[in-house]
Amino acid sequence: MKYWSLFLILFGIGVVYADCSLTVEERSGVPVRILKNRWIQAEIAPQASGSVVGLRYLPLKQELMAPFIYKVEKIDLLPDQIQVSSGGGRTALWGHKLLLDQKMKVNKEESVSERAKLEMFHQYYQGLPCSFQRWMILERDAAMLKIGFTLKNNGDTPLTLRPWDNLVMQLNSQGRDDVIIPTLGGISQIGGMGVQQVSHDQIFIKKRDMLTKEIKMVAARNWLARRNNDSPLIFAVRLISEPLSPDGFFYSWSGDGASPICTMEVVCPPAKLEPGQERAYEFEYLIFQGMTDLKEICGDIGINCEIQKNRIEWQFAVVRPVPEQTLLVYAGKQELGKLNLPAMRPGQAYQVSLPLGDLPKSKLPISGKFATGASFELLEPQLVIEN
Amino acid sequence: MLKSFSMIVLGLLTVTCSAALQTSQLQLDKNMTVRNLAKKGDWRQASLQFYMNIGQKGISAEMGEPQVSEVDGSMQLLWTTPEYRWQVTLSPRGKMIEAVSELTSLATQELWLEPGMRLTVAKDDTFSRFWSGFGHSAEIGKEPLHRTGIKGEMEKHVGASTMPFPVSGIFGSKDSLFIGGVPFDPVSYTAGSWDPLTKLLTYSLRVVVSPQQTVTFRQTLGRASATYGAQEAIVQQYYEAYPECWAVIMGQDNPYIWGEHGQYINWWLKPEPELSRRLGVTLEWTYCPYKRSGDMLCREELWDYKPYSPFRPNKTEMGKRFDMAKTSREDYLRHRQEFFRRDGRRYGLMFYNTTSGTWCEINLAKKLYPDAITHDKDVSYILNTWSTHHDQEIRVFPWQTSFGKVFESDMVTLTKELDLPGFALDCAYGGAYYRGPAVEKPLPGRAWDDKGKFIDQNVAINHQVDFIHNIIKEPKNRRLSAFINGYLKGDYVMVEAPYMNTGKYKRWMPLLRWYIGPRPGCAHGHGYMLKEAIPDWHSRSPEELRDMIGKLSDYVIMNQFKYGLGTTYPTQYGFPQQLYIQQEQHELMRAGWQAEIPIVLEDGMRVPYLARYGRGPNAYFFLGNSGTEVVKGKVRFDNQAVSDDGLSILYALKMRNNSETTNLLDGNFTQVETVLPSRVPVIYEALAGIRKPAEDFSCEIDVNKQLNEQRYHLRFKNQQTFSSPLFVRDIRNFQLTGITLNGQDVKAGVDVQIKPNSVLEFRYSSQIFNNSAQEILAFPFTDAKNRTAFSVQINSENGRELAQRFNEYFDFCRSKELIAADSSQVMIEKVDKPVPAAGVVTLLIGEDSEKISVTPNKGLVITAHNAESANLMITELLKVMDLRYEYVFPFRMVSGLNWEMIRHFQMMNKAFPYQKYFEAQ
């Protein structure tokens, strides 16, 4: 009895101080798993195809997804009619009707100080003869949700699947977000599909006043993001398990009129799975606070960059603590200077200015290399020096 | 903003109280007092006022009293101001009062006006709900309720919207009071409101009037019972007052609209005549029979262009594949012409007219039709890979614009070139405002708001349907039909969602159904949507799944009768029950779905599915028990609501052969004792109407139906003699051949004395068949070895193609192993003066009579006026032959049901059994 009490006390202390937790609560009449750390609260509904149905940025108490709705209606002659709100994030399969109400089996629930992890499974995901193992991890002190899944062909014929992170969310429920899409120029079609063609490689901004209802764009990077003038957050989705280019693409669809809905979706390259074959994917949902825009993501660091008259203004924000380090900045192959970056933590942006010396007339891409060895090259802005 | 520009002017009439206008529901006095003629209603009287909001320019002048005059049972009000002259003619229209306005500008500048009607009800009258015109109603509280504009909920990926029924109404538990407009009139903006504080109900519309222009518009005023649903009763009054709004071109004789929609079975695939006929398909949606959105003609100079997405290499039309990147214009057009000229009328191929002319390939629109672009940013404006699957399209306005001119001209050209039976109008929705240069023209339907003048897309599409109807005026049987996907004008309506899509039906109905009204239509889509309907189908045993999917089929059947709409082949293969019910479903659809279902069920009866079709002695009631247990009880049909003429209607259980039904005529009701088996549709059909005396009594009804004759035997159990005219039902393809009362001939519509225990009999004979089905089926179409054993003789060459239908019939039978594999083709021979003979079908075209008869020497003779009617008669004959050569379509892979699913529930090449529940055993 004594030991049992001691265990409870220690366990209680652990719960209070542990950075990560996994609990079960009810939302709209169904149990949802709640993964939580100091930055993010992610709500996952196994009964709704394992979707992320709630996402809260805790420092600002900001809800990033519309309230989850799950309704069951009984109609004579029909199986239970389940309606699930379309907000949130889930794995869909391009070209196949999206089923929002599949009941995923919870295989594993893990909650330790360093991380909370949930694993779910469905034998016939989206009504197809393929199993789907989906996991989510929230790590300690990370403003980032990791989402992974494995698809396995359980049928007796090959299956070609194109997984797709279908994500409906908003940074501000009052106005539509802009979607930040790194894209390649000069390409009008991929894989038999028309895509929005732009003249050159760039960060394309799908603004709220863009008149095309839905666009597909060729991926120049493995991430896309969203911003909103009325929110200090930038939210990004990144595919980390494989390159998106050349056959993957970004997709975004907007609601009509005043609707705030504007999706941001990463559509993976098609993958042919032979019977018995499986394939794993991994995505990240990243939240950067304090930046006004996003030009690149390098590891855990979000980068914004603006060229002023005689200098380059940098903004950095991170999804995990990053120790202080240096950043060498280049224009083309020419080194422009070295930035000393402080130790950075999620929850704020860090501004650094890099003066531009005398440079010859040129138009050059800007790139950088961190002391850790990680490097990046910006699609934009480009450094244009004119006499 | 608008408020500051506008003012309200009221035209109040002086009190010279006397009844000016009256309907069965309400009375309008000359002093504009509206009186409720129902003794116990939720309201007693209201004061009617006409008012005018003057927009934009801020013209303000008090209106004086109108000049009032009475003309031919109408009351005319006239106001004249320096800016305009407004004449309102009030007259009864059905159960409502109609106000027809002529608004003439006397000003030198354009007027932006909002004429309206408003009703002030007594302070102590209470209403519980306000109906703004959308599918729902709002509970009345302390706050005003209002609707402004006609944009409703966004629908479909093309971003058009639902549109309110043109009504503003308030109601309690007993009845309603409403004002409104007329559906499908060219109106782009309406508003309605109810203020519980001031007890004011309003309905207005906005118009733009050019100098010297006269704009006409219609408004309504009414009262309706709320006993069987307040909104339903109001809509019902519209069906009765404005039947022309829902009238279909060519009426009951339209050869295309009274059946099932092919859902591409005759467009993507090469049509198979017998397959199509046995599935009841009568028309088809020919999706995008052109290359470039907006260019239906496939003009030479527009043929080669760069699409947004790659052209499909396998665009399929009638089984022929086209690589649209490589196919030459000449080749494509040659095939298109061949397809439509050969099969257009046979299969009802409705030419898909580039999404009702509301979307056009973006570069084409920008280059040639920039004035037509509909710059409404509140709805979808540019769509990628939409209708043609390869174009980027922009919304355009197809009326009175450069595009509209070409669009209409193209439809005329195509009609001639392809001998079209009609057009298919996709996305026939309103909710997109055009504000381009054409709004400067003095067109009907112009409205205004704080962004300026506009015309809603609905005005253009409704105009388009009128235009299509008038492309061919003569001969009348060649007029063009409009197959629409939406809620606007048209002759056959597609609901683009299968019945299994309960979410969409919940969202769309009942508003969409009210708009469809008595018109025919169908549900289109992915059949059973099995993946969505039973997401865990993989985990179910075959037995479980068969049980579940059998229920889905019955769900579809129940909904077909509930909504009066057909279905398509994806729900029919493997489910012979679905094809079995077509005969009744089509008959009811022809009678016309009605909004109000005046039926009272005995306490405790659970009947989730109810519908009413037709009116008076031509009414039908459908009752569907979707539960697991038999439901029994008394069902009462409210005669006052079914019939305007004060008739008591007599009903029989609808069966194909025999039925016995006892009616109790009880007050204003006809009561039957019903038994509703689980999952079986039950139909009562009206047979006759009489003027019932004060005495309540019962009537025993025996019905006997044969292919060539129908007999109705009624025994009245009255105690006292009464006098009544007799009204009997109409039966399609039958004529009334006699009515007897106690053995004496009597005439329909004439008063007769009905003594106690009188027996009334009436008979109909078929206008097609002289013989019973047994006699026809005794004809030796095939011999003992199941080989074809007859020939066809024709009297003219234009009968040869028709005679080939017998070969098509038996080719199908042979391919389905219904007859012997070595059965030969039916021989067809032209004979100058054919003489009917045993084992010979004689087809005589150009005869005075139209009949199908078995001759004494066992020949079969078809006589017809012309080839067209002969064709219809052969179709009827083939239906009879189906009784002998029945084919049950097995499961096959269709939209919403794939091979894997069929294999999983072990129904490959099999079909479910079916019940002949409309036949007494």
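Residues numbered from 1 in each chain as written. Chains lettered and ligands numbered in written order. Predicted model: local features only at pLDDT ≥ 70, side-chain atom pairs only at ≥ 80, totals over all residues. Heavy atoms only, no water.

### Observations concerning the overall build of chain B
For chain B, the count of helices and strands is 20 helices and 57 strands. On C-alpha atoms alone, chain B measures out to a radius of gyration of 30 Å, which is about the 29 Å that the 2.2 N^0.38 rule sets for 921 residues. Across its three principal directions, the C-alpha atoms of chain B cover 90 × 85 × 65 Å. Taking all 921 residues of chain B together, 62% fall into the buried category. Considering only intrachain contacts with a sequence separation of at least 6, the fraction spanning at least 24 residues in chain B is 70%. (Helix = DSSP H or I, 4+ residues; strand = E, 2+ residues; numbered from the N terminus. Rg over C-alpha atoms; globule rule 2.2 N^0.38 Å. Buried < 20%, exposed > 50% of the residue type's maximum accessible area, 1.4 Å probe, protein only. Contact = heavy atoms within 4.5 Å.)

### Looking at the overall build of chain A
When you go through chain A residue by residue, the secondary structure sums to 1 helix and 33 strands. Taken over the C-alpha trace, chain A has a radius of gyration of 22 Å; the compact-globule value for 387 residues is 21 Å, and the two agree within 12%. Its C-alpha atoms give chain A principal-axis dimensions of roughly 75 × 60 × 45 Å. Across the 387 residues that make up chain A, the buried fraction comes to 57%. For chain A, the proportion of contacts with a sequence separation of at least 24, taken over those separated by at least 6, is 60%. Total accessible area on chain A is roughly 16,400 Å²; 50% of this is exposed by carbon and sulfur atoms. Distance between charge centres in chain A, computed from 43 positive and 42 negative side chains, equals 1 Å. (Areas by Shrake-Rupley, 256 points an atom, 1.4 Å probe, with all protein chains shown as cover. Lys, Arg positive; Asp, Glu negative; His and termini not counted. Charge placed at Lys NZ, Arg CZ, Asp CG, Glu CD.)

### Some words on the side chain of S791 of chain B
All names here are of chain B. The residue S791 is located in strand β53 (residues 791-794) in this model. On the accessibility criterion, S791 (19% relative accessible area) is buried. The contacts of S791, once residues within four sequence positions are left out, are V826, M827, G839, V840 and V841.

### What to know about the nonpolar core
Counting residues in each nonpolar core, the largest one holds 199 residues, and the members touching the most others are F165 and F810 of chain B. Sort the elements by how many residues they give to this core and helix α13 (residues 542-563) of chain B lands first, with 10 residues. Excluding residues that lie within four positions of it along the chain, F810 of chain B makes contacts with F781, T782, T788, F790, I819, V826, M881 and Y885 of chain B. Within the second largest apolar cluster, 77 residues are counted, among which are L118, I203, M210 and A349 of chain A. (Core = buried A, V, L, I, M, F, W, Y, C linked by side-chain atoms within 4.5 Å.)

### Quick notes on the pattern of salt bridges
All names here are of chain B. One pass over the full model with this rule turns up 84 salt bridges over all chains. Between K453 and E110 there is a salt bridge; the shortest N-O distance is 3.1 Å. Residue K453 is located in strand β33 (residues 452-456), and its partner E110 is located in the loop between β9 (96-105) and β10 (111-121); the two are separated by 343 residues in the primary sequence. Look at K453 and you get buried, because its relative accessible area is 11%. For E110, a relative accessible area of 18% corresponds to the buried category. The residue E544 makes a salt bridge to R540 at a minimum N-O spacing of 3.3 Å. Its relative accessible area of 36% is what places E544 among the partly exposed residues. On the basis of relative accessibility, which here comes to 23%, the residue R540 falls in the partly exposed class. One salt-bridge network, in which partners are shared between bridges, spans R93, E98, D185, R218 and E244. (Salt bridge = Lys/Arg side-chain N within 4 Å of Asp/Glu carboxyl O.)

### Remarks on the sheet that holds strand β12 (residues 138-139) of chain B
All names here are of chain B. Pairing in this open sheet of 9 strands is antiparallel, and the strands run β6-β7-β8-β9-β21-β17-β16-β11-β12 from one edge to the other. Whereas interior strands pair on both sides, the edge strands pair on one side only; in this sheet they are β6 (67-71) and β12. Bridge analysis of strand β17 (residues 175-180) against strand β21 (residues 214-225) gives 6 bridges, and the strand direction is antiparallel. Directly across from F178, in β21, lies its bridge partner G222. Packing against the sheet, helix α2 (residues 230-241) makes contact with β8 (84-93), β9, β11 (129-131), β16 (167-171), β17 and β21, and its axis sits at approximately 130° to β21. (Pairing = 2+ DSSP bridges. Axes fitted to C-alpha atoms, helices over the stretch in contact; angles between N-to-C directions.)

### Description of the sheet that holds strand β26 (residues 296-298) of chain A
Residue and element names in this part refer to chain A. Taken together, 4 strands build an open sheet; the order of strands is β26-β27-β28-β31 and the sheet is antiparallel. Across the chains shown, the open sheet's two edge strands, defined by having one partner strand only, are β26 and β31 (349-355). Each adjacent strand pair in this sheet contributes to an overall mean axis angle of 25°, direction not counted. Where β26 and strand β27 (residues 301-307) come together, 3 bridges link them in antiparallel fashion. Looking across to β27, one finds that C298 is bridged to I301.

### Re the domain arrangement of chain A
All names here are of chain A. On domain assignment, one finds that chain A holds domain 1 (2-289) and domain 2 (304-385). Each of domain 1 and domain 2 has a C-alpha centre, and these two points are 30 Å apart. Listed per partner, the contact involves 20 residues of domain 1 and 14 residues of domain 2. Taking both partners together, domain 1 and domain 2 bury about 1,300 Å²; carbon and sulfur atoms supply 54% of that area. On inspection of domain 1 and its partner domain 2, the count reaches 2 salt bridges. The salt bridge partner of R345 is D141, with a shortest N-O separation of 3.0 Å. Summed over the shared surface of domain 1 and domain 2, the result is 7 residue pairs in polar contact (both at pLDDT 80 or more). Among the elements of the structure, β12 (144-153), β15 (178-183), β18 (202-206) and β25 (278-289) are those that each provide at least two residues to the side of domain 1 that touches domain 2. Counting residues per element, the side of domain 1 that touches domain 2 draws most heavily on β25, which supplies 4 residues. Within the side of domain 1 that touches domain 2, the residues separate by chemical class into 11 nonpolar, 3 polar and 6 charged. (Domains from an automatic or database assignment. Buried area = accessible area lost by both parts, 1.4 Å probe. Polar contact = N/O pair within 3.5 Å; in protein donor to acceptor, adjacent residues only side chain to side chain. Nonpolar A, V, L, I, M, F, W, Y, C, P; charged D, E, K, R; others polar.)

### With respect to the interface of chain A and chain B
Counting residues at the interface gives 33 residues for chain A and 41 residues for chain B. In total, about 2,900 Å² of surface goes out of reach between chain A and chain B, with carbon and sulfur atoms giving 55% of it. Inspection of the region where chain A meets chain B yields 2 salt bridges. For the pair chain A and chain B, the number of links is 12 residue pairs in polar contact (both at pLDDT 80 or more).

### Details of the packing of aromatic side chains
Here a ring pair, both rings aromatic, is described through the centre-centre distance and the interplanar angle of the planes. Residues and elements named next belong to chain B. For the coordinates displayed, the defined rule picks out 81 aromatic pairs over all chains. Measuring from centroid to centroid gives 5.7 Å for W285 and Y352, while their planes differ by 80°, and the two rings are edge-to-face. Of this pair, W285 sits in strand β23 (residues 281-286) while Y352 is found in strand β26 (residues 349-352), placing the two residues 67 residues apart along the sequence. This pair shows no difference in class: W285 is buried, exactly as Y352 is. Seen from their ring centres, F351 and F423 are 6.0 Å apart, and the 75° between their planes marks the pair as edge-to-face. A residue pair is termed long-range when its members are at least 10 positions apart, and F351 in strand β26 and F423 in strand β30 (residues 422-428) qualify at 72 residues. Residue F423 is classed as buried on the basis of its relative accessible area of 0%. Members of the aromatic cluster, connected to one another through ring pairs, are W131, F165, F178, F184, Y238, Y239, Y242, W246, Y429, Y487, W514 and Y515. (Phe/Tyr/Trp six-rings, centres within 6.5 Å; stacked < 30°, edge-to-face > 60°.)

### A word on the environment of I234 of chain A
Residues and elements named next belong to chain A. Mapped onto the elements, I234 comes out in strand β21 (residues 233-239). Once the C-alpha coordinates of I234 and I312 are considered, the two residues, 78 residues apart in sequence, prove to be 21 Å apart. Leave out the neighbours within four places in its chain, and I234 touches A225, R226, R227, L286, I287, F288, M291, T292, D293 and L294.

### Side note on the packing of helix α18 (residues 800-815) of chain B against helix α19 (residues 867-884) of chain B
Residue and element names in this part refer to chain B. Axis separation between α18 and α19 bottoms out at 10 Å; the angle between their running directions is 25°. By the angle class used here, α18 and α19 are roughly parallel. The handedness of the crossing between α18 and α19 comes out as right-handed. Contacts from L802, R805, F806, Y809 and F810 of α18 reach α19 at A867, A870, N871, I874, T875, L877, L878, M881 and D882. Classifying every residue of the contact of α18 with α19 gives 10 nonpolar, 2 polar and 2 charged. (Parallel < 35°, antiparallel > 145°, perpendicular 65-115°, else oblique. Left-handed = near helix turned anticlockwise from the far one by under 90°.)

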